[in-house]
Amino acid sequence: MASPRYRRLGRDERREQILAVARRMFTELPYTEVSTTAIAREAGVQRGLVHYYFGAKRELFLQVVRHLTATLATQLPPLPEGLSLEEMVDLCVAHFLDAADANATTWFAAVDAEGFGQDPELTRIVHRTRDLTVEHLLKALRVPGPTDTLRAVLRAYSGLAEVATREWLQHKALSRAQAHTLLARSLLTLVRDIAPAVERS
């Protein structure tokens, strides 16, 4: 296969082009199977240019994960007015599963640090994403006066969400519909019943 033809781009355009190729490759392949040489070849640039803009593969992967997690944390659109809690939960879970399906390989690599070792910066990014996701979820569900206890309960729910998506996307033990039912009903029960019970404990 012929290498992509080189086109002269501005600094910002070239950087974004390389980042777009890296996002695609890290989404399609495990971390250990991606190299800066392959990214440079796909982008139609010299390998040195990848290192000039991003440093080593670790720094480029972290940049991809930052972009992905920012997207995952902010992509939930405002929900229509007049929806019931059940309907809002259903839409939130559907959007989450869409995002997981589109970015599964990169997200699981970030969560597992597959081929990456224990990296404090990667851990901070993942934890920050979970915190942001909780805040966006509280806003989407229009929870009045959310407490730190409710936030802790929803962070615990994020662990269930990660396992459910893995059972769906990696292990094929659940269908998407089954994962949706599991996550939607669990979230509804957490918000309605379990979180208030925890608050009273």
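Residues numbered from 1 in each chain as written. Predicted model: local features only at pLDDT ≥ 70, side-chain atom pairs only at ≥ 80, totals over all residues. Heavy atoms only, no water.

As annotated in an unreviewed UniProt entry, the protein carries the name TetR family transcriptional regulator and is attributed to Planobispora siamensis.

Concerning the overall build of the protein
Which entries qualify depends on this criterion: Put simply, DSSP H or I for four residues or longer makes a helix, DSSP E for two residues or longer makes a strand, and each gets a number counted from the N terminus. Relative accessibility decides the category of a residue: with a 1.4 Å probe and only protein chains considered, values under 20% of the type maximum give buried, values over 50% give exposed, and everything between is partly exposed. Contact between two residues is taken to exist if any of their heavy atoms lie within 4.5 Å; hydrogens are not considered.
Secondary structure summary: the protein contains eight helices and zero strands in total. Helices (α) and strands (β) of the protein occur, in sequence order from the N terminus, as α-α-α-α-α-α-α-α. Sorting the 201 residues of the protein into buried and exposed places 40% on the buried side. For the protein, contacts bridging at least 24 residues in sequence account for 69% of all contacts bridging at least 6.

Regarding the nonpolar core
Short version of the rule: For this analysis, a nonpolar core means a set of buried residues of the types Ala, Val, Leu, Ile, Met, Phe, Trp, Tyr and Cys, connected via side-chain atoms within 4.5 Å.
One finds Val89, Val93, Leu141, Leu154, Leu183 and Leu187 to be the most contacted residues of the largest nonpolar core, which totals 33 residues. Put simply, the parts of the chain that give this core at least two residues each are helix H5 (85-112), helix H6 (120-140), helix H7 (148-169) and helix H8 (176-200). Counting residues per element, this core draws most heavily on H5, which supplies nine residues. Discounting chain neighbours no more than four positions away, the residues touching Leu141 are Leu85, Met88, Val89, Cys92, Leu187 and Val191.

What to know about the UniProt feature "DNA-binding region" (unreviewed entry) in the protein
The cut-off we apply is this: UniProt positions are given in the numbering used here, feature names are shortened, and annotations may be inferred rather than shown by experiment.
Under the present numbering, the feature "DNA-binding region" (unreviewed entry) in UniProt falls on residues 35-54. The span residues 35-54 is 80% helical and 0% strand by assignment, and the distance between its end C-alpha atoms comes to 13 Å.

Here's the deal with the packing of aromatic side chains
Note the threshold: For Phe, Tyr and Trp, where Trp contributes only its six-membered ring, two rings pair if their centres lie within 6.5 Å, and the inter-plane angle classes them as stacked under 30 degrees, edge-to-face over 60, or tilted in between. Working rule: Lys NZ or Arg CZ, within 6 Å of ring centre, within 35 degrees of ring normal, means a charge sits over the ring.
Across all of its chains, the model carries five aromatic pairs by this definition. Between Tyr52 and Tyr53, the ring centres sit 5.2 Å apart and the planes meet at 70 degrees, which makes this aromatic pair edge-to-face. Since its relative accessible area comes to 54%, Tyr52 is described here as exposed. For Tyr53, a relative accessible area of 16% corresponds to the buried category. Here the aromatic residues Phe26, Tyr31 and Phe61 are joined through ring pairs into a cluster of three or more. Cation over ring: Lys57 sits above Tyr31, and NZ or CZ is 4.1 Å from the ring centre.

Remarks on the pattern of salt bridges
Inclusion rule: By definition, a salt bridge exists where a carboxyl oxygen of Asp or Glu is found within 4 Å of a side-chain nitrogen of Lys or Arg.
Enumeration according to the criterion identifies 14 salt bridges in this entry. When salt bridges that share partners are traced, they join Arg24, Glu28 and Glu42 into one network.

What to know about helix H1 (residues 11-28)
Basically, it comes down to this: A helix is expected to span 1.5 Å for every residue after the first.
Its 18 residues place the ends of H1 26 Å apart at the C-alpha level, agreeing with the 26 Å of an ideal helix rising 1.5 Å per residue. Listed as buried for H1 are Arg14, Ile18, Leu19, Val21, Ala22, Arg23, Met25 and Phe26.

Considerations on unusual backbone geometry
Phi at Arg142 is positive, roughly 55 degrees, even though this residue is not glycine. Examined against the element boundaries, Arg142 turns out to sit in the loop between H6 and H7. Unlike most non-glycine residues, Lys172 shows phi in positive territory, near 60 degrees. Counting through the fold element by element, Lys172 comes out in the loop between H7 and H8. Residue class for Lys172 comes out exposed when judged on its relative accessible area of 62%.

Comments concerning the packing of helix H2 (residues 36-43) against helix H3 (residues 47-54)
Using the following cut-off: With axes taken as lines fitted to C-alpha atoms, and helix axes fitted only over the stretch in contact, angles between N-to-C directions fall between 0 and 180 degrees. With respect to orientation, any angle under 35 degrees is reported as roughly parallel, any angle over 145 as roughly antiparallel, any angle of 65 to 115 as roughly perpendicular, and every other angle as oblique. Polar here means any residue other than Ala, Val, Leu, Ile, Met, Phe, Trp, Tyr, Cys and Pro, which are nonpolar, and Asp, Glu, Lys and Arg, which are charged; Gly is therefore polar.
For the pair H2 and H3, interaxial distance at closest approach is 8 Å and the crossing angle is 105 degrees. Here H3 runs roughly perpendicular to H2, going by the angle between their axes. Residues Thr36, Thr37 and Ala40 of H2 lie in contact with H3, whose contacting residues are Arg47, Val50 and His51. Along the lines of polarity and charge, the residues of the contact of H2 with H3 split into two nonpolar, three polar and one charged.

Quick word on the side chain of Arg23
Assignment of secondary structure puts Arg23 in helix H1. Excluding anything up to four places from it in sequence, Arg23 contacts Glu16, Val64, His67 and Thr106.

Points about the packing of H6 against H7
Here is the rule: Left-handed describes a crossing whose near helix is turned anticlockwise from the far helix through less than a right angle; right-handed describes the clockwise counterpart.
At their nearest, the axes of H6 and H7 sit 10 Å apart, and the two run at 110 degrees to each other. In terms of orientation, H6 and H7 fall into the roughly perpendicular class. Crossing hand, H6 versus H7: right-handed. Taken together, the residues of H7 that come into contact with H6 (itself represented by Arg130, Asp131, Val134, Glu135, Leu137 and Leu138) are Leu150, Arg151, Leu154, Arg155, Ser158 and Glu162. Tallied by class, residues from the contact of H6 with H7 come to five nonpolar, one polar and six charged.

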